[in-house]
Every structure is written in C-alpha cells, then in structure tokens.
Amino acid sequence: MNATKARWRRAPSGRADARRTGPLTGVVTAPGDKSISHRALILGALARGETRITGLLEADDVLRTAAAMRALGVGVERDRSSSGAIWRVEGAAWAAPTRPLYFGNSGTGVRLIMGAAAGAHVATSFEGDVSLRSRPMGRVLEPLRMMGVEATDRDGRLPVDLEACEDLKAINVKLATPSAQVKSAILLAALGADGVTRVHEPELCRDHTERMLAAFGASLSMTPDGEGGRFIEVAGGQPLNACDVAVPGDPSSAAFPIAAALITEGSDVTVKGVLINPLRIGFYETLKEMGADISFENERDENGEPVADIRARHSLLHGVEVPASRAPSMIDEYPILAIVAAHAHGETMMRGLGELRVKESDRIACVEAGLAAIGGDAASGPDWLRVRGKGSGPKGGLKGGALIKTHHDHRIAMSFLVAGLASEKPVEIDDASMIATSFPEFFGLMMSLGGDMGAV
Ligand code: S3P
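Note that the structure is a prediction, hence the values are computed from the model and not measured.

Asks: Sorry, what's going on with the site of the ligand here?
Replies: Near the ligand you find Lys34, Ser35, Arg39, Thr108, Pro178, Ser179, Ala180, Gln181, Arg206, Ile331, Asp332 and Lys359, and these make up its full shell. For the ligand, an oxygen atom lies 2.6 Å from a polar atom in the side chain of Arg39. Calculation on the ligand without its partners gives an accessible area of 380 Å², and the protein chains cover 95% of this total. The dominant element in the shell around the ligand, judged by the number of residues it contributes, is helix α2 (residues 34-46), at 3 residues. Class assignment of the residues belonging to the shell around the ligand gives a composition of 3 nonpolar, 4 polar and 5 charged.

Asks: It is not clear to me how the packing of aromatic side chains should be interpreted in this structure. Could you clarify?
Replies: What characterises a pair of aromatic rings is the spacing of the ring centres plus the angle enclosed by the ring planes. Under the definition given, this model contains 6 aromatic pairs. Here the aromatic rings of Phe283 and Tyr284 are separated by 5.1 Å at their centres, their planes lie at 80 degrees, and the arrangement is edge-to-face. Like Tyr284, Phe283 is buried. With centroids separated by 5.6 Å and ring planes inclined at 85 degrees, the aromatic side chains of Phe442 and Phe443 adopt a geometry described as edge-to-face. A residue is classified by how much of its surface remains accessible, and Phe442, at 0% relative accessible area, is buried. Pairwise contacts between aromatic rings join Phe256, Phe439, Phe442 and Phe443 into one cluster. Across from the ring centre of Phe231, 4.2 Å away, lies the NZ or CZ of Arg198, which sits over that ring. Positioned above the aromatic ring of Phe296, the side-chain terminus of Lys288 is 4.3 Å from the ring centre.

Asks: I would appreciate a short explanation of the pairing of strand β13 (residues 230-235) in the present structure.
Replies: On any regular strand, side chains alternate: one points to one face of the sheet, the next to the other face. As judged from the 6 bridges shared by strand β11 (residues 196-201) and β13, these two strands associate in the antiparallel manner. Of the residues in β13, the one forming a bridge with His200 is Phe231. With 5 bridges connecting them, strand β12 (residues 220-224) and β13 associate as antiparallel partners. Of the residues in β13, the one forming a bridge with Leu220 is Val234. In this antiparallel pair of consecutive strands, β12 and β13, the connection spans 5 residues, and Gly226 shows a positive phi of 85 degrees.

What counts as what
Residues numbered from 1 in each chain as written. Predicted model: local features only at pLDDT ≥ 70, side-chain atom pairs only at ≥ 80, totals over all residues. Heavy atoms only, no water. Near = heavy atom within 4 Å. Polar contact = N/O pair within 3.5 Å; in protein donor to acceptor, adjacent residues only side chain to side chain. Areas by Shrake-Rupley, 256 points an atom, 1.4 Å probe, with all protein chains shown as cover. Helix = DSSP H or I, 4+ residues; strand = E, 2+ residues; numbered from the N terminus. Nonpolar A, V, L, I, M, F, W, Y, C, P; charged D, E, K, R; others polar. Phe/Tyr/Trp six-rings, centres within 6.5 Å; stacked < 30°, edge-to-face > 60°. Buried < 20%, exposed > 50% of the residue type's maximum accessible area, 1.4 Å probe, protein only. Lys NZ or Arg CZ within 6 Å of the ring centre and 35° of its normal. Pairing = 2+ DSSP bridges.

No statement about biological role is implied by the geometric values presented.
Encoded structure:
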C-alpha cells in the first residue's frame, strides 16, 4: 500500500482502484445496519420522549434521513460518549417542511418517510439524485392513494408531492413486490389511519419495522398465511414511546470484507457484531452451500436482534443454484455474490432477481458488463444472472485491467473493488463517491485488513 492511498480513510470521490496484494487478515467491526438506522431515526421522531441511538450508521443515506427529521420539526442531536456517538431524537408532532426533502441516493429514506409523512398528516415534497429520480415510487404512492392521500408524481417517479390528509383510511392490501420499503411505508402510514390496516406479505422480507414498532410500544399482530407468507395488522392512533436503540452491524456491508477473504489466498478475516436476522442472511447461507469456510461465532441477542461475529477464510468454492425464494433475504448482496461466484469452480445460477433492475442501478446489467470487462463470464435474462467461475488462486481468478462503470451505485463500486483485490491486474471504478452512502469507512476498513485500494 503506498502513502497516497493510505490517506483515503473515507471513500474518495472520483476514480479509485484495487489491486492484488497478500492475504487479508484481521478483526474488524461492521458499520451500523442501514435499514435499522433509518428506522430508529424515523420511529424516534414519531415517538413521545427522547430516543437514544448508539451505533447509528453515519453514512450519507442515513444522515439525509436525520436531516429530513429536523426539517419536519424534530430535534435530532449527535453527542459523543466514551464508547462512541449517541444520537438523541426528541419526538414531536411533525410540521410541514418549508422546502422539498432531499434524499440523495436513498430509496429507503424516501419511501419510508413518504409513508410516515402520510401517517403524520403533513404535506411534504420529495426529491433525490439522478439515480433515485429514475426509481419507481408508484409502489408506495398506490397504497397511500388507497388510504386517501393526494399525491403528484412524474410518471411514478420523483419529484413527488404529498398533500396532508387528515382522514387517512385503513386499508387491506397485498404486496405486489416483496419489498420491505413498501411494507414499512404502509405500516408507518397506518399509524395515522382510522381503523386497522392489514398487509399481506406473500414472501417474507426484512422485518425491522415490525420489530422496532413493537419495541416502541405499538401493538401489531402477525399471522402466517399458511403458504410461507404472513398477514400484519396494525391499528391507527397508537402512540409510540421513545426507547433506546443499539444498532447492530450491517450484514450487507460485512459481505464485502467476507467475500474478499473468501477469494484471496491465505486470508482469515473476522467481522464483529453483525446482524444475523434470519431474513437478512441469505448471502451467508449461499456461501456455505458453495463450500465457504465461514462461521458465525459468539452468537448473541442484542436489543431484540440476533448478532454474531462472522469469520471467513480463503476457500475453494463451487457454483450453486440460488433459488428465487432466497432473493428477499439477500437482495442487496447479489453483486458481491456474483464476484464470489466468478472465483468458484462451475456455474452459479441466481434466479428471481427482477427487483435488481430497479435498485440504485440496473444491477444485473452492471454486473454482467463489469464481469465481461475484467475477464469474467456472465449471462442474464430479465430476472436471472448466471456466472461461470474461473476458480481462485494463482491459476484462477479474473484478469482485471479495466475501468468499471458504477452508475451511481455504491454496491457495484464496492463489489468491483473487491474483485480487484484478487485479479491479475488492478480493477478501476469510475466513481467511488457513492460508497459514502452506505459504507464511508470501506477503504479504511479494507486497507486495515491488508487490501490495496484507493483513489487514482
Ligand atoms: C430496505 C429494503 C430493500 C433493500 C434496501 C433496504 C429496507 O429494498 O434493497 O437496501 O431498509 O427496507 P426493497 O424494499 O425495495 O426490497
């Protein structure tokens, strides 16, 4: 690692690259979970009293949610303690902001707060960056309109204006896509509706909103639908009470150092304090099926969520079939899984990926093009991706030596930098700035394990 690169503790903006070095070794702590961080700020802002949050992910997406809460009239302060930052949220009746709320790249922030603002009966306008403006918002606006909210959008996309709706009606709705953001937006709106809202979730997706609503004193009922899904019911008019939230480490961020260890010879990496909620660990289950030497150690319960230290060592992997039913539990991990699959022996087939087309970028297209550029072998269809692996070690791996287009997508950026750590020649990405939306310490953390990456 050279001196210029060592300066990049936070994600640089502009081009960056990663190159092959020795093994990755060490013990690191995962940054706070992004999903739980957004929800802690939003529920704290709706609750009576002061919510104290430790371990909050201080990344751009979450900081925009904090700024949105302030713009809605909520007190949000950051204090320091000997063990790290404490975020204090003083819940309040929300007031209509004077300007549109700007969410940058954050789909979770914008969608959850649309629901919460509807439930809080405030008129609010929503804006985002070029990537967020291309993403579908109709999936949230449709149920909100069913509840009585008047909304204006541009072809189902941002910018969106919501009118205040004083007599919000409870609804009975079946999710058309397995989306935790949509489910959460409906549940948050339901808090301000007249009557009991019932959401049918045919495929289970992350349940942090449900768990946290219960921790804030709301009563919800969850009933299996008999076919693998469930019904969630929540009555409107329930007050939330402030509580303390300790945010566990993000399994979606931990996926990058874990994947890097698996594909880089001689590596042995532990990521401490990672959330292992069963609805979030499809990536790790898949790695085990591929033959990865990976273990959950020191499993414990922290604030109602299961947590473990995850250890991974370089492994000889084989390709697998990843069933469509697993997609909701690893939806953000497919780009890095594709990089791991490119270092396995044989073919990995990933199905049920339709939602990847409407993430921060079209992730299927980005991964396919990126892998082709660095000597990988990938093919895709509307909702599937197939990767033929090259193996790892001195005779395997990818060629590298190309510039990857990241299309404003943090996970594409990090995935291809990880690929660079195991490729013959360096892998360069066109823009590293989006990494700060979810994992600002990515470069520092990877370098502390011995990875060679930085700005070019
Ligand atoms: C999230 C849900 C997922 C995920 C996103 C975070 C959440 O999106 O991709 O990064 O916090 O609810 P969908 O709800 O669109 O599946």
